[in-house]
Structures are given as structure tokens and as C-alpha cells.
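# Geometric and topological summary
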Amino acid sequence: MRDRLIKGIIFDGLARVTVIDITDIVNKEIKMHNLSPLAAAALGRAMTAGVYISANLKNKKDSFSISIKGGGEIGNIIVAGESGNFVRGYVENPIVNLPLKENGHLDVGKAVGADGFITVIKDMGLKEPYIGRTELVSGEIAQDFTKYLYVSEGVRNAVALGVKMIKDGSIGAGGVIVEALPDLKSDEKLFMLEDIMTNFTEISDIIAKKSVEEIFDFFFGHLDAKKFEVEKVNLRCSCSEQKIAGIVQGLGKAEAYGIIKEMGKIEIKCQFCNKDYIYTEQDVNKLWAE
Ligand SMILES: [Zn+2]
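Residues numbered from 1 in each chain as written. Predicted model: local features only at pLDDT ≥ 70, side-chain atom pairs only at ≥ 80, totals over all residues. Heavy atoms only, no water.

### Brief notes about the side chain of Lys7
Inclusion rule: A run of DSSP states H or I qualifies as a helix once it reaches four residues; a run of E qualifies as a strand once it reaches two. Both are numbered from the N-terminal end. Under the scheme applied here, a residue whose accessible area is under 20% of the maximum for its type counts as buried, over 50% as exposed, and between as partly exposed, the area being computed with a 1.4 Å probe on protein chains only. Charged residues are defined narrowly, with Lys and Arg counted positive, Asp and Glu counted negative, and His plus the chain ends left uncounted. Should a side-chain nitrogen of Lys or Arg be within 4 Å of a carboxyl oxygen of Asp or Glu, the pair is scored as a salt bridge. We call two N or O atoms a polar contact when they sit within 3.5 Å, provided that within protein one can donate a hydrogen and the other can accept it, with sequence-adjacent residues counted only if both atoms are side-chain atoms. Working rule for contacts: check all heavy atoms of both residues, and any pair within 4.5 Å makes them a contact.
Structurally, Lys7 can be placed in strand S1 (residues 4-10). Of the buried charged residues, Lys7 lacks a salt bridge, with Glu231 as the closest side chain of opposite charge at 4.2 Å. Here the side chain of Lys7 touches Ala55 through a polar contact of 2.7 Å, landing on its backbone oxygen. Setting aside residues no more than four positions away along its own chain, Lys7 makes contact with Val17, Thr18, Ala55, Asn56, Lys227, Phe228 and Glu231.

### Focus: the side chain of Ser54
Mapping Ser54 onto the fold places it in helix H2 (residues 37-55). Setting aside residues no more than four positions away along its own chain, Ser54 makes contact with Phe64, Glu82, Ser83, Gly84, Asn85 and Phe86.

### Description of the coordination of the zinc ion
We apply this condition: Sites may look incomplete, because water is not among the atoms used; the donor set itself consists of N, O and S atoms within 2.8 Å of the metal (3.2 Å for Na, K and Ca).
All of the protein donors around the zinc ion are Cys237 (SG), Cys239 (SG), Cys270 (SG) and Cys273 (SG); their distances to the metal are 2.2 to 2.3 Å. Along the chain, the residues that donate to the zinc ion are spaced as C-x1-C-x30-C-x2-C. Here the residue Cys237 occupies a position in the loop between strand S12 (234-235) and helix H8 (241-251), and Cys273 occupies one in the loop between strand S13 (266-269) and strand S14 (276-279), the gap between them amounting to 36 residues. Judged by its relative accessible area of 26%, Cys237 falls in the partly exposed class.

### Section: unusual backbone geometry
With a phi close to 65°, Asn85 is a non-glycine residue in the positive phi region. With respect to the helices, strands and loops of the structure, Asn85 is situated in the loop between strand S4 (77-82) and strand S5 (86-91). A relative accessible area of 3% places Asn85 in the buried class. Phi is positive for Ile141, close to 85°, though the residue is something other than glycine. With respect to the helices and strands, the residue Ile141 is situated in the loop between strand S7 (130-135) and helix H4 (142-153).

### What to know about the packing of helix H9 (residues 253-263) against helix H10 (residues 281-289)
Here is the rule we go by: Here the axes come from fitting lines to C-alpha atoms, over the contacting stretch only for helices, and the angles between their N-to-C directions go from 0 to 180 degrees. Roughly parallel here means an angle under 35 degrees, roughly antiparallel means over 145, roughly perpendicular means 65 to 115, and every remaining angle is called oblique. For this classification, Asp, Glu, Lys and Arg are treated as charged, while Ala, Val, Leu, Ile, Met, Phe, Trp, Tyr, Cys and Pro are nonpolar and the rest, including Gly, are polar.
H10 packs onto H9 with a crossing angle of 170° between their chain directions and a minimal axis gap of 10 Å. Here H10 runs roughly antiparallel to H9, going by the angle between their axes. Listed contacts from H10 to Lys253, Ala256, Tyr257 and Ile260 of H9 are Glu281, Val284, Asn285 and Trp288. Considered class by class, the residues forming the contact of H9 with H10 number five nonpolar, one polar and two charged.

### Things to note about the packing of aromatic side chains
The criterion, for reference: Between 30 and 60 degrees the pair is tilted, below 30 it is stacked and above 60 it is edge-to-face, where a pair is any two Phe, Tyr or Trp rings, Trp via its six-membered ring, whose centres lie within 6.5 Å. Remark: a charge is flagged as sitting over a ring if the NZ atom of Lys or the CZ atom of Arg is within 6 Å of the ring centre and within 35 degrees of the ring normal.
In total, this model carries eight aromatic pairs according to the counting rule given. Each ring, one from Phe145 and one from Tyr148, has its centre 6.0 Å from the other, and the planes form 20°; the classification is stacked. Placement of both Phe145 and Tyr148 in helix H4 is noted, with a separation of three residues, approximately one turn of the helix. Exposure remark for Tyr148: the relative accessible area of 0% places this residue in the buried category. With a centroid separation of 4.8 Å and an interplanar angle of 70°, the aromatic rings of Phe200 and Phe219 are classed as edge-to-face. In this pair, Phe200 is assigned in the loop between helix H5 (187-197) and helix H6 (203-209) and Phe219 in helix H7 (residues 212-220), connecting sequence segments 19 residues apart. Take Phe200 and Phe219: they sit in the same class, and that class is buried. If you follow Arg88 out to its NZ or CZ, it ends over the ring of Phe272, 5.1 Å from the centre. The ring centre of Phe86 lies 3.7 Å from the NZ or CZ of Arg236, which sits over that ring.

Shown next as C-alpha cells:
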């Protein structure tokens, strides 16, 4: 029942709600990258934001990437994916470890830092990709993503993201994102939304216990709501022999042969899935013969 999302509308279509669970995906990332609990929490939050972006891409071939760089010890957080709820991600420093905050929470804000930007790139098949960039607020990622959506995409929104970690991994990871559409002008309804969002300060605890449908029904079901079909969320890498060949060719002939001469081979590791691609001298010969 993990790795799913549900979208719905409330107030007769004046606001949109997305509830996302990526608990199993976060556990796969923990294993694949040996993530510390703190790194898992930060990456899980960022990947939930990525799922939301993916879920809102219109065309099958659309793709996106998010980079969060705040100057903290975790380094850069990268999330990417394609339309249809496909995501992947990694952090620069997977072993980052800091003291817990006073409230017992992992200190994601400090690990990420707030001195920098969140950058979102969407390739929607147009001549130029869409690029949105806003300054980080706290490095906690939910607030940063809220600001990004509002400032860059003009969406009034509220975002709750969370990853609940226990010793063996995550037992609840994901979030809730509410978007007020332009026609929602009633202050009363906006206050109601604000009030509902206060329930989500411990969103990862809720995800640990409830399915995405149950969360939608419980918190939004009474608000002239309609929910859509549950969708699967998938961890998927997009690396391939062809893409890596392109990277090797991008080095240029002299540089490629220089590395071969020095190292005996060119080794490229996919940062998202850890797959190793190795080019011998013969492989490089072939690349430039083609
Ligand atoms: Zn890969």
C-alpha cells in the first residue's frame, strides 16, 4: 500500500489536494545510497516535492529536475524524474549527521542550510525549458517548496512534507500539498485550509498509520470533496548506455584518450542509481569510429 498518491478537489473544485506516500521509495534510496537518517529525511522530503511536480506534468515525455543547494553539510540535493510519477534522487553527502532538534526532530534545516536556492527545471518539449528559482527560506524543504510554488509558479499553496525514521529505515514518508485555485477568494475557506494544514506538523506520523485515501477522506472528505483514482509512484533511473556514451563523447577525443592512458579505462557511475559504466580503449575507439 506504499508508493502511491491521490489527487482530489475540494470546495467544489476551488482547491486541489495531493496526498503522496513514498515510504518504500525512501527505503530503497536508504539502501542504495547508505543514507544516514538525516540524509534520508532531507532526500525523502525533496523527492515528495518531485513527485508533486511529476504528477502535474501534462505530456508523457515531459521531465523535470529539482536542485536544492543551501550551503549546509548535506551539499546539493538533486531530484529528477519524468511525467507519470517517476522519480529518482541523491544527495551529495549521504552520511551527514547532526544533533537532533530540541523537539526531537531530525535537523533537516541545518543539514540543508538556507543560504542558497531551490531550482526547478521542467522540460516540456518546448524550445526552451522552464526554469524557476527562488531563495531558500529555512532549508526544511516544505517551506522552501511552498515559496517556490508561490513565487515562481504563482500558485497559492500549502505544503507539508515529512519522513519518519526508525532504526531500520522509514515507516512513513511523503506529504500533503494543497493548492488554492485563483477563483478561491473566500477568506473563510482559506482560513479553513490553513486550519487543516496545522494537522500536518507531524505528517510523517500520519502517513505511517494511514493510506493516502484515508488521509484524504479524514482531513478533506467533508469539504465538498471529490477524489480521483489512486496513482502508483515509481522510483526509476533514466541512465542508459546511450546517455553515458554521450557524456564520454562530450569529454572530447583528446580528454577521453588522456583518461584511458592515465587510468586504463573511463569509469562513470550514475549518481542516481550507482550503476557503473566502464569504457575501455576499444569502447572509446568505437565511439569515435561511429
Ligand atoms: Zn542510473
